[in-house]
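# Summary of structural features
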2 protein chains.
Amino acid sequence: MSHTAELIAVGTELLLGNIANTDAQTLSKELSALGINVFYHTVVGDNPERLRRAVEIARSRADLIITTGGLGPTCDDLTKNVLAECFGKKLVYNEEAAQRMEAYFRRLHPDTGAMTENNYQQAYLPEGCVPFQNDWGTAPGCGFVSDGVRVVMLPGPPSECGPMFRARAIPFLAECTDGVILNRSLRVFGMGESAVEYQLRDRMNAMQNPTLAPYAKEGEVELRITAKAEDEDSAQAMIAPVEAELRELLGELIYGADVDSLEQVCLGLLKEKDLTLASAESCTGGLIAKRMTDLPGSSAAFRGGVVSYCNEVKNQALGVSQALLDQYGAVSPQVAQAMAEGARKLMGSALALSSTGVAGPDSDERGNPVGLVYVALAWNGGVHVRELHCAGSRSRIRTVAASHAFDLLRRKLTGLSL
Amino acid sequence: MSHTAELIAVGTELLLGNIANTDAQTLSKELSALGINVFYHTVVGDNPERLRRAVEIARSRADLIITTGGLGPTCDDLTKNVLAECFGKKLVYNEEAAQRMEAYFRRLHPDTGAMTENNYQQAYLPEGCVPFQNDWGTAPGCGFVSDGVRVVMLPGPPSECGPMFRARAIPFLAECTDGVILNRSLRVFGMGESAVEYQLRDRMNAMQNPTLAPYAKEGEVELRITAKAEDEDSAQAMIAPVEAELRELLGELIYGADVDSLEQVCLGLLKEKDLTLASAESCTGGLIAKRMTDLPGSSAAFRGGVVSYCNEVKNQALGVSQALLDQYGAVSPQVAQAMAEGARKLMGSALALSSTGVAGPDSDERGNPVGLVYVALAWNGGVHVRELHCAGSRSRIRTVAASHAFDLLRRKLTGLSL
């Protein structure tokens, strides 16, 4: 049978806007992969009466309720108390849960090992529940079934919520899943969202299963094909023709499928071809290097970079000639080229990326407008400069500029025209 | 009178976990500043019947309903259609809204200027509403009052939702606000959340207005004092003694009040003292430079940095001696020191920060464990190295290490012991 889930996040900090409800995003992704429909997310504060009402509404429209947050001593275990009451269950002391918490504290504080008194109340759990051991923090979660409704309670911190769901709740939910929902994500760089949407609109509207939906990322678009089927093979078979059609239409603008980022694709290509990379950054200020080194294993290909945030550093560290800086200014295709060549030489890499531009909020002293950026790629025997006119905030301009640099590299490494 | 708001986000992409509901966070912050209570957030998919039911529940428990998303052609203006129906209003063509959309398209596409047909349906708005012009995208929002409930509809993209709320919805809501809610945020670095919480727990529990709550950030803690009062002065007067008490207790661990980050505090201090900074990064891979240059105006103090992701670059670009690298290895206090001194010399800066360590997922070739990091600060006549044992993911280790580097700088610039 088909199951319907509702997520209830408990925490006044969510209603005050101090944090975003990223737990709901994490769990929604997981549930979608399990083939469980999520129809509503609800957020409620640390208030027993309002939480009780939210639970009553949820049980009237869902047969799986997953709560996040409101466990642990800070909030007097609000969620556990209210949910136990709503479903007519007592809380009982769980010796095993207490011992596991003690062990966690000893690991975290090897010198004292002492667990503070307020933590012991977390060892009380609804009678008859399946306790979820917390290897990522203190408050244990749990799951139980009552009146045909399955209830799962998870801690609020994202570093505990997601891992506990995957390791503890999924086995508990095994009986709930029916069929699979499979996603295929195609990543597009070099075409705006509205253009993609306009081109695909009629096609998307005509689709029921699989579906096709565009998601705008900063400066790029993700096209997500989603199929629901009895098993993975059937879902794959439904997705394949749609993917083929999109590849026919968008061609080399698609830089990857089921990948996280342009830089991830670049790192894979660099490793495959046994090539090394360096960077020289002005307006992106280290973002190219940071994005590359975010990736585990990047040291196999990335040798290093220079952030040259003033002309002296461009000149002295990267060897950009003073004459060039004087004649064309720091924001120019000539300087972008010299920076990439300089980084390649300094770092002894096969390839080098550079960026120079105006990230804003103000235009530069030569009157170059905010958003004008040059990115360059240097290789053995050549260099290519791309001129950009980026719109949006300082942060968006920097992100889009770094992405264009990676796009140059991706195109070069796959033999496309620059 | 006191008002109660509910936020309804419309979008299947939220229920699939493709994006987080950051609009709810943005609007909650804004509403809290206006003194409007938010008791619930609801998320519902692109489904008219389920949206209708969510609206019916919301109007039974709130007198201000703010929707985000589901406007615009991609979703057939779902939200506008359902809300108009729920409140018994017709949709009427708004010539002004159409003209403004056309102008927006001309600005975005100066060559063609053509607005695609599917955009015109966005010019239909509920009769008698106040249209909210969209200067940040295409879909206009609107507000209306019906049956004692105030309804506000905003577009979903975060780059449109927040700005439209501030510029268009706040004036529309002026009559709803009563009193003010004021926040004071103290930022703490150098003490874990559970330690802070344990120390403050009894104090926090005893407080009603103002309240005090801790929020864990990556490697740091924010303590937020919130007061509700008739006017700003009264709220300030309630906050001041709590802040004084916390400063007494936590002293120099508090690095700032109502600031965004350690690096923001550092940049302010550097500018104030007319000093310059450089960086030399190994395990943080550009994150120190990136965080510094995220800040507008950072070019006044930040000269540049080197990301030395291999030993050759540490040696050739930063002048770290090969003997040092051979004897102690790249992850050592000696190399951290030499990197900071090398960056200072290369970049001609007054101060320089460095980092070298093991960000993971694997330990290094010398067997140094994941999470071992050395950060250093060099200045005219001295250098200081701090040894760190960071827990968590690669991303967390890099973030915490960069924060420790900034904390060294902050302490040096404010005359504290290192």
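The structure this text deals with has already been given above.
Keep in mind the model is a prediction, meaning the values are calculated, not measured.

With that settled, the discussion passes to the pairing of strand β17 (residues 382-389) of chain B. Residue and element names in this part refer to chain B. One ladder, built from eight bridges, connects strand β16 (residues 372-379) with β17; its direction is antiparallel. By the bridge assignment for β17, Leu377 is matched with His384. Connecting the antiparallel pair β16 and β17 is a turn made up of two residues, with Gly381 showing a positive phi of about 100°.

Let's shift gears to the pattern of salt bridges. Under the counting rule described, the total for this entry stands at 46 salt bridges over all chains. For the salt bridge of Glu220 of chain A with Arg187 of chain A, the shortest nitrogen-to-oxygen distance reads 3.4 Å. Of the two residues, Glu220 of chain A is situated in strand β11 (residues 220-229) and Arg187 of chain A in strand β9 (residues 180-189); the sequence distance between them amounts to 33 residues. Measuring nitrogen to oxygen at the nearest pair gives 3.2 Å for the salt bridge that ties Asp77 of chain B to Lys80 of chain B.

A separate point is the environment of Ala103 of chain A. Relative to the elements of secondary structure, Ala103 of chain A occurs in helix α5 (residues 95-108). Between the alpha carbons of Ala103 of chain A and Leu27 of chain A there is a distance of 28 Å; along the sequence they are 76 residues apart.

Note that the two copies of the chain are related through a rotation about an axis and a translation along the same axis. At an RMSD of 0.0 Å, chain B and chain A line up after a rotation of 180° and a shift of 0.0 Å along the axis. Put plainly, the chains are arranged around a two-fold axis. Of the residues that chain B buries at the interface, 100% are likewise interface residues in chain A, meaning the two copies contact each other through the same surface.

So, about the pairing of strand β10 (residues 211-217) of chain A. In this sheet, β11 of chain A lies alongside β10 of chain A in antiparallel orientation, the contact comprising seven bridges. Of the residues in β11 of chain A, the one forming a bridge with Pro214 of chain A is Leu223 of chain A.

Below, the discussion takes up the interface of chain B and chain A. Of the residues lining the interface, 66 residues belong to chain B; the matching set on chain A comes to 66 residues. Between chain B and chain A the total buried area reaches about 5800 Å² when both faces are included, carbon and sulfur atoms providing 55% of it. Our count for the contact surface shared by chain B and chain A stands at four salt bridges. Arg303 of chain A is the partner of Glu312 of chain B in a salt bridge, and the nearest nitrogen-oxygen pair spans 3.5 Å. Taken together, the residues of the side of chain B that touches chain A sort by class into 29 nonpolar, 22 polar and 15 charged.

Rules used throughout
- Residues numbered from 1 in each chain as written.
- Chains lettered and ligands numbered in written order.
- Predicted model: local features only at pLDDT ≥ 70, side-chain atom pairs only at ≥ 80, totals over all residues.
- Heavy atoms only, no water.
- Pairing = 2+ DSSP bridges.
- Helix = DSSP H or I, 4+ residues; strand = E, 2+ residues; numbered from the N terminus.
- Salt bridge = Lys/Arg side-chain N within 4 Å of Asp/Glu carboxyl O.
- Least-squares fit on C-alpha atoms with pLDDT ≥ 70 in both.
- Contact = heavy atoms within 4.5 Å.
- Buried area = accessible area lost by both parts, 1.4 Å probe.
- Nonpolar A, V, L, I, M, F, W, Y, C, P; charged D, E, K, R; others polar.

Purely geometric stuff here, so don't read any function into it on its own.
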